[in-house]
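Working through the structure, step by step
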Amino acid sequence: MVAVEQVLMLNAVRMRAAQVADLVRSGGWRSLFKEVLFFKRTAIVVEKDLAELTERPKPLASAKLKLVEIDKDMLSSGIYCFAVNSRYLKALNYLKHGCGGYALARDNVVVGDTWHYVSEGADDPRGLHEDLQRFGFRNWSKEYVYTFDIFVAPAERKGGISAAFQNSAMLALRSKGYTKAYGFYWADNIPAQWCTRVTNKWKEVRAFSVSRCLMFKRAVPHRKDHAGPAKEPSWLKNIPIGEKKGI
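Not measured: the values here are computed from a predicted model. (Residues numbered from 1 in each chain as written. Predicted model: local features only at pLDDT ≥ 70, side-chain atom pairs only at ≥ 80, totals over all residues. Heavy atoms only, no water.)

With that out of the way, let us pick up unusual backbone geometry. With a phi angle near 50°, Asp 107 is a residue other than glycine that sits in the positive phi range. Position of Asp 107 relative to the elements: it lies in the loop between strand E4 (100-106) and strand E5 (109-117). For Asp 107, a relative accessible area of 69% puts it in the exposed group. For Lys 201, which is not glycine, the phi dihedral falls at a positive 60°. Assignment of secondary structure puts Lys 201 in the loop between helix H7 (190-199) and strand E8 (203-213). Given the relative accessible area of 52%, Lys 201 is considered exposed. (Helix = DSSP H or I, 4+ residues; strand = E, 2+ residues; numbered from the N terminus. Buried < 20%, exposed > 50% of the residue type's maximum accessible area, 1.4 Å probe, protein only.)

Here you go:
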């Protein structure tokens, strides 16, 4: 048991180190500090009625890309390799925490991935994903799914690939019986805003002001006259939650 825990801890350390290396390599040290130290960064919580989805296979087919479900068998098969090593380590970590995922692959090389978490319908927020708790969700439905951390390799971010990947993953989740998806993006991430709100038509639920110091985060709802719908959803309470980030 101790040996297993040591392996899991080592994998977590390797994942963090690979993430740091990737961030510094792609955007310099400034990009790293932007991710781990910030004050009052705006997060936009969004939702998508999965019944509204329509199939758009052309962008992925034209780029010879396909959607593949990520599970333990897929990762252990040796058939697929990740173009970005830190994403492989993240996949191991997410699966360990009960998350599900989809990969964007070409010729058995994974060039993108996106993740989701399913909570059993309950009134106890402790059973929800930490992001949902932080954003004030107080209950859930077994037909809802929380989606997060969509990534597409920089070389593939063209021709509407990211939006088509997100749409295809949501279609796959709908086929499993889920009716609504939730997620969030940072307001200063223009590509994410374009992909989620403009192209795929997700609806804004509310905006939050988030501060982070290394592994600790705190989220506070924006005032209603700054952002959010006219009527606050029943699951959202004006209670800021600060807690340690787990995954």
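Having seen it, we continue.
Inspection of every chain in the model, using the stated rule, returns 12 salt bridges. With a closest N to O distance of 2.6 Å, Asp 113 and Arg 87 form a salt bridge. Remark: Arg 87 occurs in helix H4 (residues 85-96) and Asp 113 occurs in strand E5; sequence separation between them is 26 residues. Across the pair, Arg 87 and Asp 113 agree in class, each one buried. Residues participating in the shared-partner salt-bridge network are Arg 87, Lys 90, Asp 113 and Asp 149. (Salt bridge = Lys/Arg side-chain N within 4 Å of Asp/Glu carboxyl O.)

So, about the environment of Val 110. Take Val 110: it is sitting in strand E5. C-alpha of Val 110 to C-alpha of Tyr 88: the two residues are 22 residues apart in sequence and 9.0 Å apart in space. Sequence-distant contacts of Val 110, that is, excluding residues within four places in its chain, are made with Met 74, Tyr 80, Cys 81, Phe 82, Ala 83, Ala 103, Leu 104 and Ala 105. (Contact = heavy atoms within 4.5 Å.)

Here we come to the confidence of the model for the chain. For the chain, mean pLDDT is 82; residues scoring 70 or higher make up 73% of the total. Counting interchain partners and residues more than four positions distant, the pLDDT-below-50 stretch residues 225-247 has 60 contacts. (pLDDT = per-residue confidence, 0-100.)

A few words now on empty space enclosed by the protein. Inspection of every chain in the model, using the stated rule, returns 2 cavities of 30 Å³ or more. In this structure, the largest cavity occupies an estimated 40 Å³ of space. In this structure, the largest cavity is lined by Asp 131, Arg 134, Phe 135, Phe 184, Trp 186, Val 210 and Lys 217. When residues of the lining of the largest cavity are traced back to their parent elements, those giving at least two are helix H5 (130-134) and strand E7 (180-186). Classifying every residue of the lining of the largest cavity by side-chain character gives 4 nonpolar, no polar and 3 charged. (1 Å grid on protein atoms, 1.4 Å probe; cavity = no way out; pocket = protein on both sides within 12 Å on 5 of 7 lines; lining within 4 Å. Points joined across faces, edges and corners; volume = space filled by probe spheres on them. Nonpolar A, V, L, I, M, F, W, Y, C, P; charged D, E, K, R; others polar.)

All right, on to the packing of aromatic side chains then. A full pass over the atoms with the stated rule returns 12 aromatic pairs. Between Tyr 94 and Trp 115, the aromatic rings sit 5.0 Å apart at their centres with planes inclined by 55°, giving tilted as the arrangement. Remark: Trp 115 occurs in strand E5 and Tyr 94 occurs in helix H4; sequence separation between them is 21 residues. Each member of the pair, Tyr 94 as well as Trp 115, carries the same accessibility label: buried. Put simply, the rings of Tyr 94, Trp 115, Tyr 146 and Phe 148 pair up and form one aromatic cluster. (Phe/Tyr/Trp six-rings, centres within 6.5 Å; stacked < 30°, edge-to-face > 60°.)

A few words on the environment of Ile 161. Mapped onto the elements of the fold, Ile 161 is located in helix H6 (residues 161-175). Separated by 103 residues in the primary sequence, Ile 161 and Lys 58 have C-alpha atoms spaced 9.7 Å apart. Excluding residues within four positions of it along the chain, Ile 161 makes contact with Pro 59, Leu 60, Ala 63, Leu 65, Leu 104 and Glu 156.

Our focus in this paragraph is the pairing of strand E9 (residues 216-221). Residues of E9 alternate between two faces, with Lys 217, Ala 219 and Pro 221 buried on one and Phe 216, Arg 218 and Val 220 left unburied on the opposite face. Where E8 and E9 come together, 6 bridges link them in antiparallel fashion. Across the sheet, the residue bridging to Ser 211 is Arg 218, located in E9. (Pairing = 2+ DSSP bridges.)

With that settled, consider the side chain of Arg 206. Position of Arg 206 among the secondary structure elements: in strand E8. Look at Arg 206 and you get buried, because its relative accessible area is 6%. At 2.6 Å, the side chain of Arg 206 forms a polar contact with the backbone oxygen of His 222. (Polar contact = N/O pair within 3.5 Å; in protein donor to acceptor, adjacent residues only side chain to side chain.)

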